[in-house]
Every structure is written in structure tokens, then in C-alpha cells.
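Descriptive analysis of the structure
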Amino acid sequence: AQTVTQSQPEMSVQEAETVTLSCTYDTSESDYYLFWYKQPPSRQMILVIRQEAYKQQNATENRFSVNFQKAAKSFSLKISDSQLGDAAMYFCAYRSQFTSGTYKYIFGTGTRLKVLA
Amino acid sequence: NAGVTQTPKFRILKIGQSMTLQCTQDMNHNYMYWYRQDPGMGLKLIYYSVGAGITDKGEVPNGYNVSRSTTEDFPLRLELAAPSQTSVYFCASSPSGTSGTFSYEQYFGPGTRLTVT
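Everything in this summary refers to the structure shown in the same document. Given the structure is predicted, the values throughout are model-derived calculations rather than measurements.

1. Concerning the overall build of chain A
Secondary structure summary: chain A contains 0 helices and 12 strands in total. In chain A, the succession of α and β elements from N to C terminus is β-β-β-β-β-β-β-β-β-β-β-β. On C-alpha atoms alone, chain A measures out to a radius of gyration of 14 Å, which is about the 13 Å that the 2.2 N^0.38 rule sets for 117 residues. Projected onto its principal axes, the C-alpha coordinates of chain A cover approximately 45 × 30 × 20 Å. Side-chain charges in chain A split into 12 positive and 10 negative, and the spacing between the mean points of these groups amounts to 6 Å.

Here's what the structure looks like:
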């Protein structure tokens, strides 16, 4: 079974600085998708960025980028020029291949990011 | 386009009471999911559905039931509420496509905070 591990329960970053959140996963599949979701205090789950495993190029979305290392099964999120609004819980998620009639999404336990003014 | 909507936003139940959490999506997604999020934890899958009339158990189904009579609606029923069911409940949906113009992430509702006392 696939697993997703976020080893940093909490991180802090100074406003305007850069921070990297770690995520590792375990799988025997070759084709899958990875996501980072942001959950602010409102509790709404917001997609930050997605990565297709078959693409070697790292995904970027404005100030957010990933470092996808398929062989190492690592998928870290880099936030550049951190802003106060980036403070939230961040979840790493894995979508499996289509098996048993559906796709399964597996979530890590989250990393709480604090942004210091 | 409202996305995924959930009602109610908050609810307090007494032990032994029952209730239904409503979830509706207007994106014509085949796949729908119910998760629970306990404090400081990630998401655990309760039930999922791959289409109208088809549902299956996730990793923590005990104490819950679901139905899916239409593509849009996926209600979650709690029977005989227990304090262990105190949690935040999220409904999510995703399309069944895998490539091309399809997106493949999950879209989440705003959550329902349930307290059982």
C-alpha cells in the first residue's frame, strides 16, 4: 500500500524568505500524481500545485515550486518570498493508479507553516 | 459554479443521536469521497463512490453509512453518534478522466465541524 510521510510537523519562516516543506512517499507504481494542498484556518482545502510522475520537469505556480525526485520518492514544496497569507497547514497527497474501480488519494499528516512578520 | 457544498457547517450532537451530513457537487464528477480530519491529523477516508448507485468503504467506515442516488449528491449518515466521531468532515469530488484536458485533483467542500457530547 502507498504511504505519504511529512516529517516536519511545524515549520517557521520569516516574511519574504524561502521555506521548503518535505514530503516522501512509498509506492510500487510507476504512474501516479502528487499534490500539495493548503489548509488555512478557514479549513478549506486549496490545491497549491500538482505534479505528474511521468513528467521530469518540476511544476511551478507563481511563488510555489516543487522538487520532484522520482527515484528517491521525494516531493518537496518550496515557497519563495513568503507572505503572511501563506501561514497554513500544508498537506502532501498521492493519487494512485486506477485499481479496484477508483483512484485512491493518500494524504500525509501535514506541516503547519508559521510566517513571522 | 459552486463546486462542492456541504451542510451544515457546524453541529453538536448528543451521544446516541443520528444525523446526515449533506454534500453536493455541480461539476458532474463521477468520484466522490468522505473524509474525517481529527485535530492535528491528516485525512482519513470514510467512504467513496465511483458513480450513482455505487459506493464502497474506505479505511474508517464503522459508524457511518452513505448512499449515492444521483451524480450530484453524496450524503453521509451517522447512526448512534459517539464521542469518537467528533471531527471535521470533508466531502470531495474528482473527475474520472486521466489525461488531456481533465484535471485529476480532488475538489473539497468547506467541511462540517461535528462535536458529539
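2. Topic: the nonpolar core
Grouped together as the largest cluster of nonpolar side chains are 27 residues, with contacts concentrated most on Leu 21, Tyr 25, Trp 36, Phe 75, Leu 77, Tyr 90 and Leu 113 of chain A. At the level of secondary structure, the elements contributing two or more residues to this core comprise strand S2 (10–14), strand S3 (19–21), strand S5 (33–39), strand S6 (46–52), strand S8 (64–69), strand S9 (74–79), strand S10 (88–95) and strand S12 (111–116) of chain A. With 4 residues, the single largest contributor to this core is S10 of chain A. If you look at the next biggest cluster of nonpolar residues, it comprises 21 residues, including Phe 91 and Ala 93 of chain A together with Tyr 31 and Leu 45 of chain B.

3. Quick word on the pairing of S8 of chain A
Side-chain direction in a regular strand flips from residue to residue, so the side chains alternate between the two faces of the sheet. Residues and elements named next belong to chain A. In the sheet, strand S7 (residues 60–61) pairs with S8 via 2 bridges, with the strands oriented antiparallel. Of the residues in S8, the one forming a bridge with Glu 61 is Phe 64. Bridge count between S8 and S9: 6 bridges; the pairing is antiparallel. Note on S9: the bridge partner recorded for Ser 65 is Lys 78. In this structure, the hairpin formed by S8 and S9 is closed by a connection of 4 residues, where Lys 73 is found at a positive phi of approximately 55°.

4. A look at the interface of chain A and chain B
Counting from both sides, the interface comprises 23 residues of chain A and, opposite them, 29 residues of chain B. Interface area lost by chain A to chain B is led by Arg 43, Tyr 103 and Tyr 105 of chain A, which between them contribute 30%. Inspection of the chain A/chain B interface yields 1 salt bridge. A salt bridge links Glu 105 of chain B to Arg 50 of chain A; the shortest N-O distance between them is 2.7 Å. Connecting chain A to chain B are 4 residue pairs in polar contact (both at pLDDT 80 or more).

5. Notes on the side chain of Gln 106 of chain B
Mapped onto the elements, Gln 106 of chain B comes out in the loop between strand S9 (87–94) and strand S10 (107–108). Engagement of the side chain of Gln 106 of chain B in a polar contact is seen with the side chain of Tyr 35 of chain B, the distance being 2.9 Å.

6. A short note on the pattern of salt bridges
Scanning the model with the defined rule gives 7 salt bridges over all chains in all. For Glu 79 of chain B, the salt bridge is made with Arg 77 of chain B, and the minimal N-O distance between the two is 3.1 Å.

7. A few points about the packing of aromatic side chains
Using the criterion set out here, one finds 16 aromatic pairs over all chains in the structure. Aromatic rings pair up to connect Phe 35, Tyr 37, Tyr 105 and Phe 107 of chain A together with Tyr 33, Tyr 35, Phe 90 and Phe 108 of chain B into one cluster. Arg 68 of chain B extends its terminal NZ or CZ atom over the ring of Phe 74 of chain B, reaching a point 6.0 Å from the ring centre.

8. Re the sheet that holds strand S3 (residues 19–25) of chain B
All names here are of chain B. If you walk across this open sheet you meet the 4 strands as S1-S3-S8-S7, and the pairing is antiparallel. The open sheet has two edge strands with one neighbour each: strand S1 (4–7) and strand S7 (64–66). If you compare each strand with its neighbour and ignore which way they point, the axes differ by 20° on average. The pairing of S1 with S3 spans 4 bridges and is antiparallel. Bridging from a neighbouring strand, Val 4 pairs with Gln 25 of S3.

9. Structural notes on the state of the cysteines
Evaluated as defined, the whole model comprises 2 disulfides over all chains. Disulfide partner of Cys 23 of chain A: Cys 92 of chain A, at an S-S distance of 2.0 Å. Judged by the sign of its S-S torsion, about -70°, the cystine formed by Cys 23 of chain A and Cys 92 of chain A is left-handed. With Cys 23 of chain A in the loop between S3 and strand S4 (24–26) and Cys 92 of chain A in strand S10, this pair connects stretches of sequence that are 69 residues apart. The same class applies to Cys 23 of chain A as to Cys 92 of chain A, namely buried. The partner cysteine of Cys 23 of chain B in its disulfide is Cys 91 of chain B, sulfur to sulfur 1.8 Å. On the S-S bond that ties Cys 23 of chain B to Cys 91 of chain B, the torsion sits near -70°, and the link is left-handed. Of the two residues, Cys 23 of chain B sits in strand S3 while Cys 91 of chain B sits in strand S9, which places them 68 residues apart along the sequence.

What counts, and at which threshold
- Residues numbered from 1 in each chain as written.
- Chains lettered and ligands numbered in written order.
- Predicted model: local features only at pLDDT ≥ 70, side-chain atom pairs only at ≥ 80, totals over all residues.
- Heavy atoms only, no water.
- Helix = DSSP H or I, 4+ residues; strand = E, 2+ residues; numbered from the N terminus.
- Rg over C-alpha atoms; globule rule 2.2 N^0.38 Å.
- Lys, Arg positive; Asp, Glu negative; His and termini not counted.
- Charge placed at Lys NZ, Arg CZ, Asp CG, Glu CD.
- Core = buried A, V, L, I, M, F, W, Y, C linked by side-chain atoms within 4.5 Å.
- Buried < 20%, exposed > 50% of the residue type's maximum accessible area, 1.4 Å probe, protein only.
- Pairing = 2+ DSSP bridges.
- Contact = heavy atoms within 4.5 Å.
- Buried area = accessible area lost by both parts, 1.4 Å probe.
- Salt bridge = Lys/Arg side-chain N within 4 Å of Asp/Glu carboxyl O.
- Polar contact = N/O pair within 3.5 Å; in protein donor to acceptor, adjacent residues only side chain to side chain.
- Phe/Tyr/Trp six-rings, centres within 6.5 Å; stacked < 30°, edge-to-face > 60°.
- Lys NZ or Arg CZ within 6 Å of the ring centre and 35° of its normal.
- Axes fitted to C-alpha atoms, helices over the stretch in contact; angles between N-to-C directions.
- Disulfide = S-S within 2.5 Å.

Read these as spatial facts, not as claims about activity.
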